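Remarks on the overall topology
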Amino acid sequence: MSSSSIDSVLTETRSFAPPEEFARAARVRSLAEYEELYAKAERDPEAFWAEVAGELQWAKPWTRVLDWSLPDAKWFIGGRLNASVSCVDRHAQGARKNKAAILFEGEPGDTRVITYGQLHREVCRAANALTALGVKPGEFVAIYMPMIPEAAIAMLACARIGAPHTVVFGGFSAEALRDRIDDCQAKAVITADGGWRRGAVIPLKDNVDAAIDGTTVSKVVVVRRCNNDIAWKDGRDVWWHDIIDAASAKHEALAHDSEHPLFSLYTSGTTGKPKGILHSTGGYLTNAAYTSKLVFDLRDDDVFWCTADIGWVTGHSYVVYGPLANGATVLMYEGAPNAPRSSAFTSGHATGIGLDRFWDIIERWGVTVFYTAPTAIRAFMKWGDQHPAAHDLSSLRLLGSVGEPINPEAWMWYRKTIGGDRCPIVDTWWQTETGAIMISPLPGATPTKPGSATRPLPGIAVDVVNKDGQPVPAGSGGFLVIKRPWPSMLRTIWGDHERFTKTYFGEIDGVYFAGDGARRDEDGYYWIMGRVDDVINVAGHRLSTMEVESALVSHPKVAEAAVVGRPDEMKGQAIVAFVTPRSGFVADEILGKELREHVVKEIGALARPEEIRFAEALPKTRSGKIMRRLLREVASGSKARGDTTTLEDQGVLEKLAQSFDKEE
Ligand code: WTA
């Protein structure tokens, strides 16, 4: 987010009441009702959460709601359940048996509809197949897949047999996949031969082959998606369709302990090593289901489209677990927002260049609730209003935003151009660690202000405090914290409980530290100002500056590197790397290109630096710390000039550094 858009956020005063028609039919219909619900949860949080959790299907009821000994929370103690039963079986065995669970559209334009009844059989088959391959409860399974129904089926099958999954975004490189597999000691990988992205095949299986030698992985399950040539290792690799076809569609789901790990998902922190955020079964599913119902006001006839990839937490909570726990219909789209359908699937009609693909999908499938990221919204704005204008978007009734602060301009455009001034917008703040939405309007109840995530959900106790943990006055900036445990809070960082304690509960006494700066206004509305640590948010994707730095210094020609985020109009932030080459290597465009590609190889294209600037030396404090704040200013102060052999006039930089040194 650019500093100028932060300013405009801070001065934004417009407010929009929930549309009357929406409010009339909503679950929570007025601000007073929201406040009542909030107060009820505050009076007796455990009773409140017990009521919410009661909407899941439990095989054995819990004996105690919460066991809290900071920083460790256990929820619904003694309770047993199976997440896939709450998400699939109970709908498949009831009135929703023939209701669509997943509507799928591939990038080329191929489509599939999977009912709850069918989903149940597929999940059972996959659960049996994984067990037959030797996957045991408690063992991790890595999922490295395109956005196809098998990805959701694989997740639910893992949940069913109690094997926690770790989904790795298909845009991550082989190296990044290997790191994650090594960290959680995954026994199997579920992948595809490839996935479609802007007409090209993402070579997922090739990446798996490159990632798993010497790791704990003994089985690779491959979904046939693109029919591309892939290498095959007999005894290790099996086709998904072979093992699924051979498996029984009957599977008795065992009930797992409420605290049994459902999944770990790697996310970037402030160090070079991504951390495995571990989520529990009962607590996680409780919040995923609760927020889907309350924030998206899901009803039986909704078509809910959350555009996030299952590689991110948003895809976990709002493509798979949350909506399915509510028996909703979700739409899954495989490809890029700017890819046209192939003529093979459009009876030969020309489909243009694809800039209207999302609107085309909304029109054809009758999407009612649409949830996407500000980066995407800003791209749509830039592509032009003619694309949404060419489609009938009247099926939409609710819009959502997630992943980064949304600037008021984008919010207003979203409301008017996509929502026809008719749909409420829910700007939802949350994190991989929180598991589910924490701060958001309730669409029928909360008046919205463009750029604000508004108020915390009932049951969630947030605050804005200073370093000493003291609440700051209305209107002042501070650190966003959560004061009480909630069911879907992360349980640990896999394999590093100390880091968990230090990162989230070691910064400010007694509360969960989110790592975001925020301000609360006179109406109690929250305005998220972005990260206060070394995490950057590039196009809604979380990255750590240290992670990119580690990738850069692993290159033999690099002596030292420092990475900062620079405000970017489209992506929120762009990556700028300051690099000192080892002596003897020429700092030129060619090296710049080589280093960019090296980062892509180490992490993935999402981490490719926008700009590389070479410097003879990096500015440091007297104690030897790199002056990131100075670099951030240098990075945002002047326009990108491509690769330069010297960062700035080295003398100027030194002078700047001296003045900064006094301040730091
Ligand atoms: C940012 C994504 C402002 C924030 C669900 C947070 C937001 C990080 C919003 C988590 C929002 C997420 N407004 N900022 N509505 N939603 N963020 O773990 O900085 O990928 O800490 O989870 O994204 O990113 P993560």
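Let me begin by describing the structure that accompanies this report. In this numbering scheme, every chain counts its residues from 1 along its sequence in written order. Thresholds applied to this predicted model are a pLDDT of at least 70 for local features of residues and 80 or more for the giving and counting of side-chain atom pairs; totals over whole chains, interfaces and linings are not thresholded and use all residues. To get the side-chain values, all heavy atoms of the structure are used, and hydrogens and water are removed first.

1. Overview of the sheet that holds strand 17 (residues 303-306)
- The pairing criterion for strands is at least two bridges between them, as found by DSSP. Under the scheme used here, helices are H or I runs from DSSP no shorter than 4 residues and strands are E runs no shorter than 2 residues, and both carry numbers assigned from the N terminus. A sheet is described by the order of its strands in space; here seven strands give the open sequence 6-5-18-17-19-20-21, paired in mixed fashion. Each edge of the sheet is formed by a strand with only one pairing partner; in this case those strands are strand 6 (111-115) and strand 21 (425-428). On average, each strand axis in the sheet is inclined to that of its neighbour by 20°, with strand direction left out of account.
- Here strand 19 (residues 369-372) runs beside strand 20 (residues 398-402); their pairing, made up of four bridges, is parallel. Among the inter-strand pairings, Val-369 is bridged to a residue of strand 20, identified as Leu-398.
- Set on the sheet, helix 6 (residues 116-133) makes contact with strand 5 (100-105) and strand 6; between it and strand 6 the angle comes to about 85°. To obtain an axis, a line is fitted to C-alpha atoms, over the contacting stretch when the element is a helix, and the angle between two such axes runs from 0 to 180 degrees between their N-to-C directions. Working rule for contacts: check all heavy atoms of both residues, and any pair within 4.5 Å makes them a contact.

2. Digging into the pattern of salt bridges
- Any Lys or Arg side-chain nitrogen found within 4 Å of a carboxyl oxygen on Asp or Glu counts as a salt bridge. Per the stated rule, a full pass over the model turns up 42 salt bridges.
- For Arg-397, the salt bridge is made with Asp-302, and the minimal N-O distance between the two is 2.8 Å. One end of the pair, Arg-397, is in the loop between helix 15 (386-389) and strand 20; the other, Asp-302, is in the loop between helix 11 (282-295) and strand 17, with 95 residues separating them in the sequence.
- Type-normalised accessible area, obtained with a 1.4 Å probe on protein chains alone, sets the label of each residue: buried when under 20%, exposed when over 50%, and partly exposed for intermediate values. For Asp-302, a relative accessible area of 2% puts it in the buried group.
- Arg-520 is paired through a salt bridge with Asp-463; the nearest N and O atoms lie 3.0 Å apart.

3. Considerations on the packing of helix 5 (residues 83-92) against helix 6
- Direction vectors running N to C along helix 5 and helix 6 enclose 130°, while the axes themselves pass 8 Å from each other. By the criterion of interaxial angle, the relationship of helix 5 to helix 6 is oblique. The chirality of how helix 5 crosses helix 6 is left-handed. Facing helix 5, whose interface residues are Ser-84, Cys-87, Val-88, Asp-89, His-91 and Ala-92, helix 6 presents Tyr-116, Gly-117, Leu-119, His-120 and Val-123.
- Throughout, the ten residues Ala, Val, Leu, Ile, Met, Phe, Trp, Tyr, Cys and Pro are labelled nonpolar, Asp, Glu, Lys and Arg are labelled charged, and all others, Gly among them, are labelled polar. Tallied by class, the residues present in the contact of helix 5 with helix 6 amount to six nonpolar, four polar and one charged. In this scheme, roughly parallel covers angles under 35 degrees and roughly antiparallel covers those over 145, while 65 to 115 is roughly perpendicular and the rest are oblique. In this scheme the crossing of two helices becomes right-handed for a clockwise turn of the near helix relative to the far one and left-handed for an anticlockwise turn of less than a right angle.

4. Digging into the site of the ligand
- Working definition: residue near molecule or strand if any one of its non-hydrogen atoms lies within 4 Å of it. Around the ligand sit 17 residues, and of these Asp-427, Thr-428, Thr-432, Asp-516 and Arg-542 come closest.
- Throughout this description, a polar contact denotes any pair of N or O atoms lying within 3.5 Å of each other; where both atoms belong to protein, one of them has to be capable of donating a hydrogen while the other can accept it, and for residues adjacent in sequence the pair is counted only when both atoms sit in side chains. At a separation of 3.1 Å, a nitrogen atom of the ligand approaches a polar backbone atom of Gly-403.
- Between the ligand and Asp-516 there is a distance of 2.6 Å, counted from an oxygen atom to a side-chain nitrogen or oxygen.
- Throughout, the Shrake-Rupley method with a 1.4 Å probe supplies accessible areas, and for residues the shown protein chains are the sole cover considered. Starting from 530 Å² of accessible surface for the ligand in isolation, the protein chains cover 96%.
- If you list the elements that add at least two residues to the shell around the ligand, you get helix 12 (313-325), strand 21 and strand 26 (526-531).
- Split into classes, the residues belonging to the shell around the ligand amount to six nonpolar, six polar and five charged.

5. Considering the pairing of strand 6
- Alignment of strand 5 against strand 6, held across five bridges, turns out to be antiparallel. Bridge pairing in strand 6 places Ala-100 opposite Thr-115.
- Taking the residues that link successive antiparallel strands as the turn, the strand 5-strand 6 hairpin has five residues, and the phi of Gly-109 there is positive, at about 120°.

6. Quick word on unusual backbone geometry
- Cis geometry is adopted by the peptide bond preceding Pro-71, which originates at Leu-70 and carries an omega value of 5°.
- Secondary-structure assignment places Pro-71 in the loop between strand 2 (64-69) and strand 3 (72-77).
- In this model, Ala-539 sits at a positive phi of 50°, which is unusual for a non-glycine residue.
- Residue position: Ala-539 is located in the loop between strand 27 (535-538) and strand 28 (541-544).

7. Notes on the side chain of Ser-258
- Here Ser-258 lies in the loop between strand 14 (256-257) and strand 15 (261-267).
- When residues no more than four places from it in sequence are discounted, the contact partners of Ser-258 are Trp-58, Trp-75, Phe-76, Gly-79, Arg-80, Leu-81, Ser-280, Thr-281, Gly-282 and Gly-283.

8. Observations concerning the environment of Gln-573
- Take Gln-573: it is sitting in strand 30 (residues 572-581).
- Taking the C-alpha atoms as reference points, Gln-573 and Ala-539, 34 residues apart in sequence, are found 7.0 Å from one another.

9. Focus on the packing of aromatic side chains
- Stacked, tilted and edge-to-face are the three classes assigned to paired rings of Phe, Tyr and Trp, where Trp is represented by its six-membered ring and a pair needs centres within 6.5 Å; plane angles under 30 degrees give stacked, over 60 edge-to-face, the rest tilted. Per the counting criterion, the structure on display carries 41 aromatic pairs.
- Between the aromatic rings of Trp-58 and Phe-76, the centroid separation amounts to 5.6 Å while the plane-to-plane angle is 65°, which identifies the pairing as edge-to-face. Taken as a pair, Trp-58 in strand 1 (residues 58-60) and Phe-76 in strand 3 lie far apart in primary sequence, 18 residues in all.
- Residue classification places Trp-58 among the buried positions, given a relative accessible area of 17%.
- Note on Phe-370 and Tyr-414: the rings are 6.4 Å apart at their centroids and 65° apart in plane angle, and the pair reads as edge-to-face. Placement of the pair is Phe-370 in strand 19 and Tyr-414 in helix 16 (residues 408-418), with a sequence separation of 44 residues.

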